[in-house]
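Residues per chain are reported as follows:
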Amino acid sequence: MIKKHQIILLIILILAAFLRLWQLSVLPPSMEWDEAATGYDAYSILKTGKDQFGHFLPLTMRSLDDYKPPLYTYLTVGSIAFFGWTDFAVRFPAAFFGILAVLTTYFMVYQLFKNRKLSLLAALFLCISPWHVHFSRLALETNTTIFFTTFGIWAFLKGLDKGGYLILTAFSFGLNLFLYHNTRVFIPLLSVILLTIYFKDLWKHKKYLFISMLIFGIFIIRLLPILFSIEGQMRFQGTSIFSIAKSINVDNLQKTYIQWKIDDQQQGLSFTGRLFHSEKILFGLQMLRNYFSHFDPNFWVFTNDSLRHHVSEMGILYLVDLPLIYTGLYFLIRGNKKTAGLIIAWMLLTPIPASVTRDAPHALRTTIFLPTFQILVSLAIINFFGFIHRKYIKQVFLLIIIFLYTINSGFFLHQYFVHYAKDSSLFWLYGRKEAALYAETVKSRYDRIIVYPKYEMEQAHIFFLYYLKYDPVKYLQEGGTVSGGWAENRNQFDKYQFKPFNYSEDRDGRTLFIGLPAEFPKEANILKRITYLNGTDAVWIAD
Amino acid sequence: MIYYFLILLIASCIRFPGLNLIPPGQSANLVLRIFSAFSGVISVGLVMLIIKDRTKNISLSLISGLILCFMPWHIEQSRVVSGVNSGLTLILFYSWVYWYLPCRICKIFLFAAFTIIFWRIYPSFWIFSGNWTLPTFTEIMGNLFKLISGEFLFFKNDTFWRGGLRTYGVMLPGFIPAFMLGIYLIFKKQGFIKYAKWYLLFIIIWVLSAVSPNFPESREYFLILPYLTFICALGFYHLIENSKKRLIFRILFISYFMFIIYEYILFTHFYTVHYQQRIKEEFQYAKINF
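Residues numbered from 1 in each chain as written. Chains lettered and ligands numbered in written order. Predicted model: local features only at pLDDT ≥ 70, side-chain atom pairs only at ≥ 80, totals over all residues. Heavy atoms only, no water.

Things to note about the overall build of chain A
Counting secondary structure elements, chain A contains 25 helices and six strands. Taken over C-alpha atoms, the radius of gyration comes to 25 Å for chain A, in line with the 24 Å a tight globule of 543 residues would show. For chain A, the spread of C-alpha atoms along the three principal axes comes to 80 × 75 × 50 Å. With 543 residues in all, chain A has 57% of them scored as buried. (Helix = DSSP H or I, 4+ residues; strand = E, 2+ residues; numbered from the N terminus. Rg over C-alpha atoms; globule rule 2.2 N^0.38 Å. Buried < 20%, exposed > 50% of the residue type's maximum accessible area, 1.4 Å probe, protein only.)

Set out below in structure tokens:
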């Protein structure tokens, strides 16, 4: 017999599916670099067993020279095989696992708190979370980690009673290590926390505990060579605050520290200069600042993060979430110690990997925060209800909560489904598809087509490969991708060449030029002007 | 008792020496700076007294006094002409006296008297200034969140551009573990709802600071320092008590304490060497009392 909570859960899942699947291929309005690269690599593996560089079933996707963990791409292989090679198929795994994450959140929260209403609320809030809805619609690895994490924790908690479930945890956490860079730090730390908090309960299932640790250990052992290889270090080098490509903020701080050292030397205080103004202190402080920036309510609610990560005039959490998060934290701390320890440790561990990267705070790199905020919000509401004894006050409180969330979520959904495409088309690199398809229609008139890979047109080769659905077999026979690097000028296939051009000098009547408007002089013979959805020029095509 | 005087002595040693040299200032302002430094020392004593009265915990009150004594923002404000520093001392004095007043009428009368004195010694408080152009709702929310953000509390206090530290937060970054532990203990043991009236004043100051038309060029938030002091003191007190239980905890605590000392030496170096250099380069002494 179907119970009431099961019906409610089903409704929540249907809502989750709708929010994540409806118009999936057109919202966000275009595939960005990582999505296009994942899509092409997935199709290439499906057809040839090799990625765009010719590596057979790689455990690291070189992709755009960012060496992505492979699991999401392999999930996309299955999706493309089922749905065909479309934008929908490439984004589907994220949406699918986003929907499943709502389900696993329900089960996980129930295992933690043994409260059906709390579990349903947490699932509902995750279902309508702007942070989760948006990233469930992107072909990026990060959101899928939420499913594997919540599933793993659910299985772990079940395993405290029935040890066999621990094996599922090991597999889930192990797979997570091959899903996203951040989980390679987060999951091992979370595992240590789980072992520490629940050690006495785990020791009753020694056999399964050791088997699980062995399985997880195999994943770690397989991961270690990747981590310490040059390829594994490339992503870190490309995004860390220590690298040459550090942020302007860190660069300015370094200059300030150098100036302080000089000031100290001029005052005969060379020793203090070395002691107090070393780069170790600078980077240490910067890491701490980056870490705490992820707990800034401004970041959650108003956010200065990229417009690729949130809708306009809104952050990644609802405004009404804020007081409830702090209230929920209060009730969490005063509740069960183990549960509080787990949730708080989860929240404290999440920003650690992102703290060594530039561009902090970063919504994408800390998606694994979810669903802790939703759990806190649910806790606050359930406990408030527990405090209120009079029925009519409960009803008023319930109406207020419903009203506030209706307004907040209504605003988000309006901004997302009505305005977001237009507001963010520049950030989503809209126009590359149109440029590729147009070039293909006129290709026969030209000997070569040069695409200028600069600024928003960087890595242009991946867009043309993806949207033209260029046969991977043929592409690999031609040599495949030379490099995904941002300054690479040697990529080419068919008549397409991806390198800088000087329109005035290179023009010969048999060449088609594709680039940003700034690359063309006033007298250029523009065949097509492609605009972003807000009307500003995106890509020009000329001969 | 002797420990209280010792802490007051330390506070005096930090706030009085070289008063018109660090940071550099006009000789005409020296008297005002002495008054500010004196207020700073008194406020350290008052914080200790209030916490001792409310919690009956002498160790906690001493730790609170020490923390406020060494707090970067409090040191910085005690060494310049600062109406808000004097205002804080007045509020603390009123808070201490409040519990001993016999009747409600006395409390109201004293409140009125203190408000007038507060207005006289802190005329730059934005409500008294006559400029009531409030920020927008979105700006206010952003300001509120900024004032409780880690960045502001521990890394960059930019509420007072003219002469403010900026390179440091309200507290040293090393205070973070103690602060977080203090917050946890307040939730867990103190009972947030039971002591809600204690936090009412904090909420009032927090909101007043956020809606200030001069934000971030405002120092009203300085008035919440006693709360931050208490939270950190609670965390430190708990750490000290736990360090007595096992050797490993003692070693960890001593290491942590040594790190705090290193950080404080780093702050002192910055304050005495680089801060005054920056002030010399940036500041126009002739225009305001500093």
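Observations concerning the interface of chain B and chain A
When the parts come together, some accessible area is lost, and that loss is often what is quoted as the size of the interface. Each partner contributes to the interface: chain B provides 31 residues, whereas chain A provides 30 residues. Across the chain B to chain A interface the summed buried area is about 2600 Å²; carbon plus sulfur atoms make up 74%. Contact with chain A buries surface across chain B, with B:Phe145, B:Phe155 and B:Phe187 losing the most and accounting together for 23% of the total. Within the residue set of the side of chain B that touches chain A, elements represented by two or more residues are α8 (137–147), α9 (150–155), α10 (176–190) and α13 (247–282) of chain B. If one sorts the elements of the side of chain B that touches chain A by residue count, α13(B) sits on top with eight residues. Here the side of chain B that touches chain A is built from residues that sort into 17 nonpolar, nine polar and five charged. (Contact = heavy atoms within 4.5 Å. Buried area = accessible area lost by both parts, 1.4 Å probe. Nonpolar A, V, L, I, M, F, W, Y, C, P; charged D, E, K, R; others polar.)

Considerations on helix α6 (residues 104–121) of chain B
Residues and elements named next belong to chain B. If you check α6, its first and last C-alpha atoms are 25 Å apart, about what 18 residues at 1.5 Å a residue would give, namely 26 Å. Listed as buried for α6 are Leu-110, Phe-114 and Phe-118. Burial along α6 is one-sided: seen end-on, the buried residues are contained in an arc of 80°. Exposed residues lying more than 90 degrees from the buried face of α6 are Ile-105, Ile-108, Phe-109, Ile-116 and Arg-120. Along its buried surface, α6 packs onto α5 (83–98) and α7 (126–129). (Expected span 1.5 Å × (residues − 1). Arc of directions from axis to C-beta.)

Focus on a nonpolar patch on the surface
Residues and elements named next belong to chain A. A cluster of nonpolar side chains, contributed by Tyr-392, Ile-393, Val-396, Ile-400, Phe-403, Leu-404 and Ile-407, occupies part of the molecular surface with about 640 Å² of accessible area. Position of Ile-400 among the secondary structure elements: in helix α21 (residues 391–424). In this structure Ile-400 comes out as partly exposed when scored by relative accessible area, which is 42%. (Patch = residues over 30% accessible without salt bridge, like charges linked within 9 Å, V, L, I, M, F, W, Y side chains within 5 Å. Areas by Shrake-Rupley, 256 points an atom, 1.4 Å probe, with all protein chains shown as cover. Salt bridge = Lys/Arg side-chain N within 4 Å of Asp/Glu carboxyl O.)

Brief notes about the pattern of salt bridges
All names here are of chain A. With the rule as written, the count across this model stands at 15 salt bridges over all chains. A salt bridge links Asp-201 to Lys-204, with the shortest nitrogen-to-oxygen separation between them at 3.6 Å. Residue classification places Asp-201 among the buried positions, given a relative accessible area of 18%. Among the residues examined, Lys-204 registers a relative accessible area of 63% and is labelled exposed. Note that Glu-519 and Lys-454 form a salt bridge whose closest N and O atoms lie 3.5 Å from each other. With Glu-519 in the loop between β4 (511–515) and β5 (526–531) and Lys-454 in the loop between β1 (448–451) and α23 (460–467), the pair connects residues that are 65 residues apart, well separated along the chain. On the basis of relative accessible area, Glu-519 is assigned to the buried category, the value being 15%.

Digging into the sheet that holds strand β6 (residues 537–542) of chain A
Residues and elements named next belong to chain A. On the basis of which strands lie adjacent, the open sheet formed by six strands has the order β2-β3-β1-β4-β6-β5 and mixed pairing. Each edge of the open sheet carries a strand with a single partner, namely β2 (492–493) and β5. Relative to strand β3 (residues 496–498), α23 is tilted by about 155°, and along the sheet it contacts β1, β2, β3 and β4. (Pairing = 2+ DSSP bridges. Axes fitted to C-alpha atoms, helices over the stretch in contact; angles between N-to-C directions.)

Structural notes on the packing of aromatic side chains
All names here are of chain A. Throughout the structure, instances matching the rule amount to 91 aromatic pairs over all chains. The interplanar angle of 35° and the centroid separation of 5.7 Å between the aromatic rings of Phe-88 and Phe-92 together place this pair among those described as tilted. Residue Phe-88 and its partner Phe-92 are both found in helix α4 (residues 87–113); the two are separated by four residues, about one turn of the helix. Its relative accessible area of 25% is what places Phe-88 among the partly exposed residues. Of the residues examined, Phe-92 reaches a relative accessible area of 17% and is grouped as buried. A ring pair is formed by Phe-96 and Phe-97, whose centres lie 5.4 Å apart and whose planes are at 80°; its orientation type is edge-to-face. (Phe/Tyr/Trp six-rings, centres within 6.5 Å; stacked < 30°, edge-to-face > 60°.)

Description of helix α11 (residues 206–228) of chain A
The end-to-end C-alpha distance of α11(A), which contains 23 residues, comes to 32 Å, matching closely the 33 Å that a straight helix rising 1.5 Å per residue would cover. The axis of α11(A) is deflected most strongly, by about 25°, at A:Arg222, and proline A:Pro225 appears within four residues downstream. (Bend = angle between axes of the 7 residues up to and from the residue.)

Quick word on the state of the cysteines
A disulfide bridge is the covalent bond that connects two cysteines by way of their sulfur atoms. Residues and elements named next belong to chain B. Counted according to the given criterion, the structure contains one disulfide over all chains. Each sulfur in the disulfide pair Cys-103 and Cys-106 lies 2.4 Å from the other. Taking the sign of the torsion about the S-S bond as the criterion, the disulfide between Cys-103 and Cys-106, at about 70°, is right-handed. For Cys-106, a relative accessible area of 27% corresponds to the partly exposed category. Considering cysteine sulfurs only, Cys-13 is the nearest to Cys-69, which forms no disulfide, with 9.0 Å between them. A relative accessible area of 0% means that Cys-69 is categorised as buried. With no disulfide of its own, Cys-232 lies 14 Å from the sulfur of Cys-69, the closest cysteine sulfur. (Disulfide = S-S within 2.5 Å.)

Side note on unusual backbone geometry
Residue and element names in this part refer to chain A. In this structure, the amide linkage connecting Leu-27 to the following residue, Pro-28, adopts the cis form with an omega of 5°. With respect to the helices and strands, the residue Pro-28 is situated in the loop between α1 (4–21) and α2 (33–48). Following Leu-370, the chain continues to Pro-371 via a peptide bond in cis, the omega torsion being 5°. If you trace the backbone, Pro-371 turns up in the loop between α19 (351–354) and α20 (372–387). Even without glycine at this site, Gln-23 takes up a positive phi of about 55°. Within the fold, Gln-23 resides in the loop between α1 and α2. With a phi close to 50°, Asp-494 is a non-glycine residue in the positive phi region.

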